Amino acid sequence: MSLQQCATTRNFMQEEKEHIQFELTDELIEQVEVLIEEKNDKELNTLFSEFHYADIAEVLDELDLEDATYVIKLLDSETTSDVLMELDEDNREKVLKNLSAKEIADEIEELDTDDAADIIAELPEERQAEVISNIEDQEHKAEIEELLAYDEDTAGGLMAKELVKVYETWTVAGCLRRIRGQAKEVTRVHSIYVVSKQNKLIGRLSLKDLIVAKSDQKIADISNSNVDWVHVQDDVEDVARVMAKYDLEAIPVVDDNQTLLGRITIDDIVDVLKEEADKDYQLAAGISQDVDSDDSVWKLTRARIPWLFLGLVGGVGAFLIMEGFHEAFSKYAILFFFTPLIAAMAGNVGVQSSAIIVQGLANDDIKGSINSRLMKEMLLATLNGIILAIFLFLFVWATQQDAATAFAISISLVVVIIVAGLIGTFVPLFLDKRGIDPAIATGPFITTSNDIFGILIYFTIAKLILGI
């Protein structure tokens, strides 16, 4: 390795190190605020020139709206457009309100079509039309309008129009000349797509194959016809599954006629997976809307209250059930003290079972019939229940010296665990079949239902065994 190469490598490693070590501190925020107050644009530009655009967005998220807008207008358009995409969605909305339609259009010009469409889609309809009318690049404008016509949860709403494509009739030499111009508009070239004269996707071409081929060879002779693709109306979650299954960095998007429309890259899929994970996590926690910790108290309340109300109804239901067994309490008071244990075990087992099923549905790993799943879960729950019941029986018998009561509580635990496991398995599968997000089955819904069933089963079995 030459000295120059060594120096280049050291510089690169140092740059990477500095980037990795970025830390948002109170001192940094204070420094930025002072520079803004002094209107020291030169120092601000110098400071931000050392940061990655994602780091700049992190800084702006901590500033007030006026200061964040000041920085956005100060930075060059290329940097600003990237920063806007990284800003917190609520903060970006506020910043965009402070920019004119022409200023937004200038930033849009620097973005890939998919990112540009995402930003415009967040604007009110009247504002959208105004911004689009200020986009000077007519081709870019037309492509953005095309993307806005697709539902955001489809492949069309996720794809970008920027890609590198070649015609099967071209020679290698002619192809290399032509793709240089196309590649300028593409941030990263993952694949070269081969199309027919009618623009139909017929194959793909790797850069390696193109470089090693003879200059007079036809593209059709060196391309690979085995190319994965998705339909423009496919759900984004289905797109994510395909790309994950085949370890793809990018995938082309086609219409009913197999016409090549665009491509979806892995960074967009990562965003989709993150959004879905956040949504599922909130559903599992009993939050019915997409909210952030910084949202208003009223919005957070509206997101939480439905499931809290369900928990309240479940608690009332448990009370009514227990009230119906007051005679059992009066004769066997010990049953009362084990009620929380039975309810907790029912809720825990149900959440465990439903979480496994929801994860399997998300990863498309659930195979076979529902009956086979239920049978497997019943066997698993039975084994777990028996093991736990043995320990519980020994504890109750040792502390109460009453084998009948210990037996009743232990048998109840086994049955409760089996029923909770079956409910935790069946509910998400049922919801998925009905087109409802099964993630709700891992939250208060499954916990509350299992609590009620668990208490009912517990006292019913105890009453039968003890002859109350």
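Use the structure listed above.
Here the structure is a predicted model, which is why all the values come from computation and not from measurement. (Residues numbered from 1 in each chain as written. Predicted model: local features only at pLDDT ≥ 70, side-chain atom pairs only at ≥ 80, totals over all residues. Heavy atoms only, no water.)

1. Describing the side chain of Ser 354
Residue position: Ser 354 is located in helix α21 (residues 339–362). With a relative accessible area of 0%, Ser 354 lands in the buried category. A distance of 3.0 Å separates a polar atom in the side chain of Ser 354 from the backbone oxygen of Val 351. (Helix = DSSP H or I, 4+ residues; strand = E, 2+ residues; numbered from the N terminus. Buried < 20%, exposed > 50% of the residue type's maximum accessible area, 1.4 Å probe, protein only. Polar contact = N/O pair within 3.5 Å; in protein donor to acceptor, adjacent residues only side chain to side chain.)

2. Side note on the nonpolar core
Judged by nonpolar contacts, the single largest core of 58 residues is most densely connected at Val 32, Phe 48, Leu 60, Ile 108 and Ile 264. With five residues, helix α2 (residues 26–37) is the largest single contributor of residues to this core. Filtering out sequence-adjacent residues up to four positions away, Val 32 remains in contact with Leu 44, Leu 47, Phe 48, Val 59 and Leu 63. Grouped together as the second largest cluster of nonpolar side chains are 32 residues, Phe 325, Val 414, Phe 459 and Ile 461 included. (Core = buried A, V, L, I, M, F, W, Y, C linked by side-chain atoms within 4.5 Å. Contact = heavy atoms within 4.5 Å.)

3. Regarding the sheet that holds strand β5 (residues 250–254)
The strand order across the open sheet built from three strands is β4-β5-β6, with neighbouring strands paired in mixed fashion. One side of each edge strand has no neighbouring strand; the edge strands of this open sheet are β4 (230–231) and β6 (260–265). Bridging between β5 and β6 involves five bridges; their strand directions are antiparallel. Counterpart to Pro 252 in the pairing with β6 is Arg 263. In this fold helix α16 (residues 236–245) packs onto β4, β5 and β6, with an angle of close to 135 degrees to the strand it touches most, β5. (Pairing = 2+ DSSP bridges. Axes fitted to C-alpha atoms, helices over the stretch in contact; angles between N-to-C directions.)

4. Observations regarding the pairing of β5
Counting buried positions along β5 yields five of five residues, so the element is predominantly enclosed. The alternating pattern of β5 places Ala 250, Pro 252 and Val 254 and Ile 251 and Val 253 on opposite faces, both of which are buried. Sheet analysis places β4 next to β5, joined by two bridges and oriented parallel. Following the sheet pairing, Val 230 is matched in β5 by Val 253. Counting the residues in the hairpin turn of β5 and β6 gives five residues, including Gln 258, whose phi is positive at 65 degrees.

5. A look at a negative patch on the surface
The grouping of Glu 86, Asp 88, Glu 89, Glu 93, Asp 118, Asp 151, Glu 152, Asp 153, Asp 235, Asp 267, Asp 271 and Glu 275 at the surface amounts to a negative patch. Put simply, the parts of the chain that give the negative patch at least two residues each are α7 (89–97) and α17 (266–284). It is α17 that contributes the most residues to the negative patch, three residues altogether. By secondary structure assignment, the location of Glu 89 is in helix α7. (Patch = residues over 30% accessible without salt bridge, like charges linked within 9 Å, V, L, I, M, F, W, Y side chains within 5 Å. Areas by Shrake-Rupley, 256 points an atom, 1.4 Å probe, with all protein chains shown as cover. Salt bridge = Lys/Arg side-chain N within 4 Å of Asp/Glu carboxyl O. Lys, Arg positive; Asp, Glu negative; His and termini not counted. Charge placed at Lys NZ, Arg CZ, Asp CG, Glu CD.)

6. Notes on the sheet that holds strand β3 (residues 201–205)
Pairing is mixed in the open sheet, where three strands are placed in the order β1-β2-β3. The two strands at the open ends of the sheet, each matched to only one other strand, are β1 (164–167) and β3. The mean angle between the axes of side-by-side strands here comes to 35 degrees, regardless of whether they run parallel or antiparallel. Note that strand β2 (residues 192–195) and β3 share four bridges and pair antiparallel. Residue pairing across strands places Val 195 opposite Leu 201, the latter belonging to β3.

7. Description of α2
An α-helical segment advances 3.6 residues per turn. Residues three or four places apart therefore align on the same side. The first and last C-alpha atoms of α2 sit 16 Å apart over 12 residues, in line with the 16 Å expected at 1.5 Å per residue. Within the sequence span of α2, burial applies to Leu 28, Ile 29, Val 32, Leu 35 and Ile 36. Take α2 and look down its axis: the buried residues cluster within an arc of 125 degrees, on one side only. Every exposed residue of α2 that faces more than 90 degrees away from the buried side is listed here: Asp 26, Glu 27, Glu 30 and Glu 37. Along its buried surface, α2 packs onto α3 (41–48), α4 (53–61) and α5 (65–74). Backbone geometry just after α2 places Lys 39 at a positive phi near 55 degrees. (Expected span 1.5 Å × (residues − 1). Arc of directions from axis to C-beta.)

8. Details of the pattern of salt bridges
For the coordinates displayed, the defined rule picks out five salt bridges. The salt bridge involving Glu 146 is made with Lys 161; its shortest N-O contact spans 3.1 Å. Here Glu 146 is found in helix α11 (residues 138–148), whereas its partner Lys 161 is found in the loop between α12 (155–158) and β1, with 15 residues between them in sequence. Among the residues examined, Glu 146 registers a relative accessible area of 26% and is labelled partly exposed. The exposure class assigned to Lys 161 is buried, which follows from its relative accessible area of 16%. In this structure, the salt-bridge partner of Glu 237 is Arg 241, at a minimum N-O distance of 4.0 Å. Placement of both Glu 237 and Arg 241 in helix α16 is noted, with a separation of four residues, approximately one turn of the helix. Assessed through its relative accessible area of 26%, Arg 241 is described here as partly exposed. Among the ionic contacts, a cluster of salt bridges with common partners joins Glu 237, Asp 238 and Arg 241.

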